[in-house]
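# What the coordinates show
These are the residues of each chain, in order.
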Amino acid sequence: MDQYHPQPKRPRRLRRGVTLRDAVADISIKRDDLILPLFVTDKDDPQPVESMPGVSQLPVKTAIQSIGELTDVGLRQFILFGVTSAEKKDPTGRFALSADAPVNQTLAGVRDMGHDVTMIADLCFCEYTDHGHCGVLLPDDPKTVVDNDQTLDQLRLAATCLAQAGADVVAPSGMMDGQIQAIRGALDEASFTQVCILAYSVKYASSLYDPFRDAGQGSMQFGDRKGYQMDFRRSREWQTELQLDIEQGADMVMVKPAATYLDIIHQVRQACHLPLVAYHVSGEYAMLHAAARQGWLDLKHAALETTYAIKRAGADLIVTYFAKELSKWIR
Ligand code: PBG
Ligand code: ZN
């Protein structure tokens, strides 16, 4: 028998033709991996968000109707943000506790319509406070900015309101210490033991939220959020935040932003067995749109590639403003 002479391996063999490439692809995105953010307003007409092409603030009625329609393209997970007009804002964000707040009305409406969807409610005060920070201010201490424990009391109330209105999941995004325990306690006391908590556990103070603040009208009147959101120069701090949120009863955890924090997503995936959500944020969305508008890249291909990257890093679920388009683009 002739001696076997091994040839150098030819990786291109498995790239020959689309059928074989599809067969050996090991990462896939399914519609149920996607969570679409929606901004709801008490205005009568949809208000386009300039820095986020394709995104509008929706009147409550329109939002409820859209959610019904989006189930037809296979989207079943939504996260709601409220847009509050200036005259309803105050120092503690009391309007968040009102059944009239657009988020609460949308939740109630979706439940009335009987849509079989998972409704997630973002839980924070920056959309409701006149100063735009994520909680109650601590005026005498400019370094701390937001009073942690007073904000916890408010979060307890707001979480209960959202559950009452019909949220399946509440998603505290304000990065207050102890917020998961406080909210779990409040929900349980009010017999909302079935309502899940999606913890924004690993949330960095990022410039990539700027278009969102345009969308949610949540710009701060002064200062920044570095006193409560995480510092991107610290590479290990996520372990502390993650551990605390798990101990306190988080059902799911989030890393945010996503595409610029793939290393963090990957590490959190290894460290924790809970469902992991990654938030592809407004600035990451806006950047792709801006480049596509210039004709510098193809929006569909760039958005797909980015979403695959987030998935490949280890995210189970992805919050993305591209959810509707992706639901058509994925096979
Ligand atoms: C509010 C909140 C923000 C985002 C989600 N919830 C803004 C912020 O923390 O400043 C950002 C979402 C995005 O940029 O798409 N706490
Ligand atoms: Zn906030």
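So, here's what we can say about the structure. Residue numbers run consecutively from 1 along every chain, following the written order of its sequence. Numbering of ligands from 1 and lettering of chains from A proceed in the order in which they are written. At least 70 in pLDDT is required for a residue's local features to be given in this predicted model, at least 80 for side-chain atom pairs to be given and counted, and no such filter applies to totals for whole chains, interfaces and linings, which use all residues. Calculated side-chain values reflect all of the structure's heavy atoms, with hydrogen atoms and water omitted.

## Regarding the coordination of the zinc ion (ligand 2)
Around the zinc ion (ligand 2), the donor atoms from the protein are C124 (SG), C126 (SG) and C134 (SG), and they sit 2.2 to 2.3 Å away. The sequence pattern formed by the donor residues of the zinc ion (ligand 2) is C-x1-C-x7-C. The buried label goes to any residue with under 20% of its type's maximum accessible area, the exposed label to any with over 50%, and the partly exposed label to all in between, with areas taken from a 1.4 Å probe on protein chains only. The exposure class of C126 is buried, given its relative accessible area of 7%. Donor criterion used throughout: N, O or S atom within 2.8 Å of the metal, extended to 3.2 Å for Na, K and Ca. Water excluded; incomplete-looking sites may result.

## Let's talk about the pairing of strand β10 (residues 317–320)
The helix count covers DSSP runs of H or I at least four residues long, the strand count covers runs of E at least two residues long, and both are numbered beginning at the N terminus. Here β10 shows a buried face lined by L317 and V319 and a second buried face lined by I318 and T320. By this definition, two strands are paired if DSSP reports at least two bridges between them. Alignment of strand β1 (residues 34–41) against β10, held across 2 bridges, turns out to be parallel. Its bridge partner being in β10, L34 is matched across the sheet by I318. In this sheet, β10 lies alongside strand β9 (residues 276–280) in parallel orientation, the contact comprising 4 bridges. When the bridges of β10 are listed, V277 appears paired with L317.

## Some points on the site of ligand 1
Lining the immediate surroundings of ligand 1 are 18 residues, of which K203, R213, K256, S282 and Y321 lie closest. N or O atoms closer than or at 3.5 Å make up a polar contact, with two conditions inside protein: a donor-capable atom paired with an acceptor-capable one, and, for residues adjacent in sequence, both atoms drawn from side chains. Measuring from an oxygen atom of ligand 1, one finds a side-chain N or O atom of K203 at 2.7 Å. Taking S282, its side chain carries an N or O atom lying 2.7 Å from an oxygen atom of ligand 1. Methods summary: accessible areas were calculated by the Shrake-Rupley approach with a probe of 1.4 Å, and residue burial reflects only the protein chains presented. Contact with the protein chains removes 100% of the 400 Å² of surface that ligand 1 exposes when unbound. Residues are grouped as follows: Ala, Val, Leu, Ile, Met, Phe, Trp, Tyr, Cys and Pro are nonpolar; Asp, Glu, Lys and Arg are charged; all remaining types, including Gly, are polar. A breakdown of the residues in the shell around ligand 1 according to their chemical character gives 9 nonpolar, 3 polar and 6 charged. To be near a molecule or strand, a residue needs just one of its heavy atoms within 4 Å of it.

## Brief notes about the environment of S201
Secondary-structure assignment places S201 in strand β7 (residues 196–203). Take S201: its relative accessible area is 0%, and that puts it in the buried class. A C-alpha to C-alpha distance of 5.7 Å links S201 and L242, two positions 41 residues apart in sequence. Filtering out sequence-adjacent residues up to four positions away, S201 remains in contact with M175, M230, E241, L242, D245, V253 and M254. Contacts are assigned to residue pairs with any non-hydrogen atoms lying within 4.5 Å of each other.

## Here we look at the pairing of β9
Strand residues, when the strand is regular, have side chains that alternate between the two faces of the sheet. β9 sits mainly inside the fold: 5 of its 5 residues count as buried. Burial of β9 is two-sided: the residues L276, A278 and H280 facing one way and the residues V277 and Y279 facing the other way are all buried. Summarising the sheet, strand β8 (residues 252–256) and β9 pair through 3 bridges and their orientation is parallel. Paired with V255 across the strands is A278, a residue of β9.

## Focus on the packing of aromatic side chains
Each aromatic pair joins two rings of Phe, Tyr and Trp (for Trp, the six-membered one) with centres within 6.5 Å, and gets the label stacked for planes under 30 degrees apart, edge-to-face for over 60, and tilted for any other angle. Under the definition given, this model contains 10 aromatic pairs. An angle of 40° between the planes, with centres 6.4 Å apart, marks the rings of Y200 and Y279 as tilted. Taken together, the residues span a long stretch of sequence, with Y200 in strand β7 and Y279 in strand β9 at a distance of 79 residues. The class for Y200 is buried, based on a relative accessible area of 1%. Put simply, the rings of F39, F81, Y200, F212, Y279, Y285, Y321 and F322 touch in pairs and so form one group of aromatic residues. Distance and angle both matter: a charge sits over a ring if NZ of Lys or CZ of Arg is within 6 Å of the ring centre and within 35 degrees of the ring normal. The ring of Y209 has K203 sitting right over it, with the charged end atom 5.5 Å from the ring centre. Its guanidinium or amino end placed over the ring of Y279, K256 lies 4.8 Å from that ring's centre, counting from NZ or CZ.

## Points about helix α8 (residues 262–271)
Within α8, the full set of buried residues consists of I264, I265 and V268. Seen along its axis, α8 keeps its buried residues to an arc of 100°; they face one direction. Summarising the contacts, the buried residues of α8 are in contact with β7, α7 (238–247), β8, β9 and α10 (299–313). Here the arc refers to the set of directions running from the helix axis out to each C-beta atom.

## A look at the environment of M220
When you line up the elements, M220 lands in the loop between α6 (210–216) and α7. Once the C-alpha coordinates of M220 and A171 are considered, the two residues, 49 residues apart in sequence, prove to be 21 Å apart. Residues in contact with M220, not counting those within four places in the same chain, are H131, G132, H133, R213 and R225.

## Comments concerning the packing of helix α9 (residues 282–293) against α10
With axes taken as lines fitted to C-alpha atoms, and helix axes fitted only over the stretch in contact, angles between N-to-C directions fall between 0 and 180 degrees. Viewed as axis vectors pointing N to C, α9 and α10 meet at an angle of 155°, and their least axial separation amounts to 9 Å. On the basis of the axis angle, α9 is roughly antiparallel to α10. Helix-helix and strand crossings are classified by hand; for α9 and α10 the assignment is right-handed. Along the contact surface, α9 presents L288, H289 and A292, while α10 presents L299, A302, A303 and T306. Roughly parallel means an angle under 35 degrees; roughly antiparallel, over 145; roughly perpendicular, 65 to 115; everything else is oblique. A clockwise turn of the near helix away from the far one marks a right-handed crossing, whereas an anticlockwise turn of less than a right angle marks a left-handed crossing.

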